[in-house]
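Remarks on the overall topology
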Amino acid sequence: MQGSPASPKATLPSLFAEHQDGSRLPLLPLTAQKMRGQTTGFMKTPGTLSKGAHRVPNSALKDTSTKLSFAGAVNHFSLFEKVEHAEKENAELKLQLLACRGDLYEALEKAKEAEAAQATAAAATAFQTSTEPVQEGDASGNDLHSLSKAQLIERLLALQKELASAQQERRQAVNQLVEMKGAIRVYCRVRPPSPGAPSSCLRVLPDGSSLGITCNNQESVFNFNRVFGPSASQQAVYQEVAELVQSALDGYHVCIMSYGQTGSGKTHNMVGNQSADGHGLIPRAINKIMGSMRRLGLQGWDYKLELSCVEVYNNSVRDLLDPKAQHIKDMNAIKHDAQGGHTVIQGVQQVELRTASQAHALLQKAMEARACNATAMNSSSSRSHSAFMLNISGTHAPSETHLKGALCLVDLAG
């Protein structure tokens with residue numbers, strides 16, 4: 001190449017053509033040919049060529065273009081094959097997940113049956129022990145009457161460790177179920193229409209997880225983990241999250257929030273009313289935890305429950321269990337245990353719970369202290385967020401197991 005053009009011109013990326021003598025010539029794209037106004041059957045390289053520069057006929061360009069087009073088509077087809085293969089793998093993984101869910105549900109049912117059978121056998125043994133002399137021996141064939149007190153204690157501790165191991169497997173199974181259903185879930189509950197109200201524009205679809213909303217004769221569909229229709233009971237709603245309450249007992253941190261506009265039924269979901277069928281999530285969770293504590297206490301577990309009830313109103317926190325409590329505006333008062341323990345708020349009391357009736361009384365006290373005002377849609381709208389925080393600590397001395405869970409139930413402002 002010799003010299004350079006008097007006025008440099010911008011060039012486009014070039015292709016190369018292979019000549020018979022092995023030399024490679026840069027070729028301008030066809031668009032460049034049109035831009036330069038060339039009508040000849042040849043393409044020139046950019047810049048000034050030396051004497052004897054090779055010209056490439058149109059046939060060579062067509063062959064090169066054909067090869068490039070064919071290579072692009074092959075790559076495009078290969079991409080489609082990869083997408084199709086990925087879709088097949090995704091479908092197979094979904095089938096495997098469904099199968100795993102079925103196996104896990106079956107394992108949980110068997111664990112429940114075994115636990116119920118064990119409780120029945122324990123009750124029968126206790127009854128027999130209280131009415132008849134013990135004639136049975138232990139697993140080694142020794143008569144229990146012939147064992148010393150130390151041997152009986154050793155045998156009891158061994159049985160407690162076996163039971164603790166079985167409970168650990170159950171906790172892992174429940175946690176796997178929770179993870180498969182989703183650590184974060186969104187449920188929708190449709191409130192029944194008020195008397196005399198016009199027909200609802202909402203429709204729960206047959207799949208049970210979709211909601212159709214009709215506006216201007218056009219329906220939009222929204223998907224959730226599950227949709228509860230107007231006729232759904234409080235028990236049905238609680239049953240959907242019951243394993244989350246169990247997870248809190250098993251040492252996990254669980255939070256359930258009720259969200260919606262004023263009058264949509266948030267407090268009804270969380271608290272409900274005084275009737276047995278009308279209890280909301282909080283009273284049902286209290287009953288569940290207290291019942292499990294009594295049952296696990298017979299198996300060597302020692303649980304401690306501490307309750308705090310607060311409201312968040314106008315960027316401040318107030319203790320709902322202390323009528324004289326001041327508003328806490330320092331956000332640094334909220335302390336999180338760095339070791340994965342409990343979250344506490346300095347200046348907010350924690351009341352140790354011993355009975356379900358005590359917990360229900362404290363819940364009622366907190367609800368009465370909550371800030372409420374009338375709105376155009378609701379005569380007693382909650383104007384604050386309320387949080388029912390239950391810190392759970394469990395210890396099983398025979399197996400040296402320590403659990404720290406938390407259940408936080410939040411009724412957001414309307």
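Residues numbered from 1 in each chain as written. Predicted model: local features only at pLDDT ≥ 70, side-chain atom pairs only at ≥ 80, totals over all residues. Heavy atoms only, no water.

1. Quick word on the pairing of strand β7 (residues 210-215)
Of the strand pairs in this sheet, strand β6 (residues 202-204) and β7 are connected by three bridges, and their pairing is antiparallel. Looking at the pairing, L202 lines up with I213 of β7. The turn joining β6 and β7, which pair antiparallel and follow one another in sequence, is formed by five residues; a positive phi near 75° is taken by G208. By the bridge criterion, six bridges tie β7 to strand β8 (residues 218-223) in an arrangement that is antiparallel. Across the sheet, residue C215 finds its bridge partner in β8, namely Q218. (Pairing = 2+ DSSP bridges. Helix = DSSP H or I, 4+ residues; strand = E, 2+ residues; numbered from the N terminus.)

2. Structural notes on unusual backbone geometry
Leave glycine aside and you will find that most residues have negative phi; peptide bonds, for their part, are mostly trans. Of note in the backbone geometry, N217 takes a positive phi value of approximately 65° without being a glycine. Relative to the helices and strands, N217 resides in the loop between β7 and β8. Phi is positive for N314, close to 55°, though the residue is something other than glycine. Positionally, N314 belongs in the loop between β11 (301-313) and β12 (316-319). For N314, a relative accessible area of 61% translates into the label exposed. (Buried < 20%, exposed > 50% of the residue type's maximum accessible area, 1.4 Å probe, protein only.)

3. Quick notes on the sheet that holds β8
For sheets, the rule is that strands pair by backbone hydrogen bonds, running either parallel or antiparallel. With antiparallel pairing, the three strands of this open sheet are ordered in space as β6-β7-β8. With one partner strand each, in any of the chains shown, β6 and β8 form the two edges of the open sheet. Recorded for the sheet is a direction-independent mean angle of 25° between the axes of neighbouring strands. (Axes fitted to C-alpha atoms, helices over the stretch in contact; angles between N-to-C directions.)

4. Things to note about the UniProt feature "coiled-coil region" (unreviewed entry) in the chain
In this structure's numbering, the residues bearing the UniProt feature "coiled-coil region" (unreviewed entry) are residues 149-183. With 94% helix and 0% strand, residues 149-183 has its two end C-alpha atoms placed 48 Å apart. (UniProt positions renumbered as here; feature names shortened; annotations may be inferred.)

5. Details of the UniProt feature "binding site: ATP" (unreviewed entry) in the chain
Look at the UniProt record and you will see "binding site: ATP" (unreviewed entry) annotated at G260, Q261, T262, G263, S264, G265, K266 and T267. With respect to the helices and strands, the residue G260 is situated in the loop between β10 (253-258) and α5 (266-270). Inspection of the secondary structure assignment puts G263 in the loop between β10 and α5. Residue G263 is classed as partly exposed on the basis of its relative accessible area, which comes to 24%.

6. Notes on the environment of Y238
On the secondary structure map, Y238 appears in helix α4 (residues 234-249). With residues up to four places along the chain from it excluded, the contact list for Y238 reads V245, L281, R284, A285 and K288. (Contact = heavy atoms within 4.5 Å.)

7. What to know about the packing of aromatic side chains
Scanning all chains against the criterion turns up two aromatic pairs. For the pair Y187 and F228, a centre-to-centre distance of 6.2 Å together with 50° between the ring planes defines the contact as tilted. With Y187 in strand β5 (residues 187-189) and F228 in strand β9 (residues 226-228), the pair connects residues that are 41 residues apart, well separated along the chain. Residue class for Y187 comes out partly exposed when judged on its relative accessible area of 26%. When its relative accessible area of 4% is taken as the criterion, F228 is described as buried. Between W301 and Y303 the ring centres are 5.7 Å apart and the planes differ by 25°, which places this aromatic pair in the stacked class. Each member of the pair, W301 together with Y303, is buried. (Phe/Tyr/Trp six-rings, centres within 6.5 Å; stacked < 30°, edge-to-face > 60°.)

8. Focus: the pairing of β10
Only one face of β10 is covered, namely the face carrying V254, I256 and S258; the face carrying H253, C255 and M257 is uncovered. The pairing of β10 with strand β19 (residues 401-411) spans six bridges and is parallel. In the strand pairing of β19, M257 is matched with V410.

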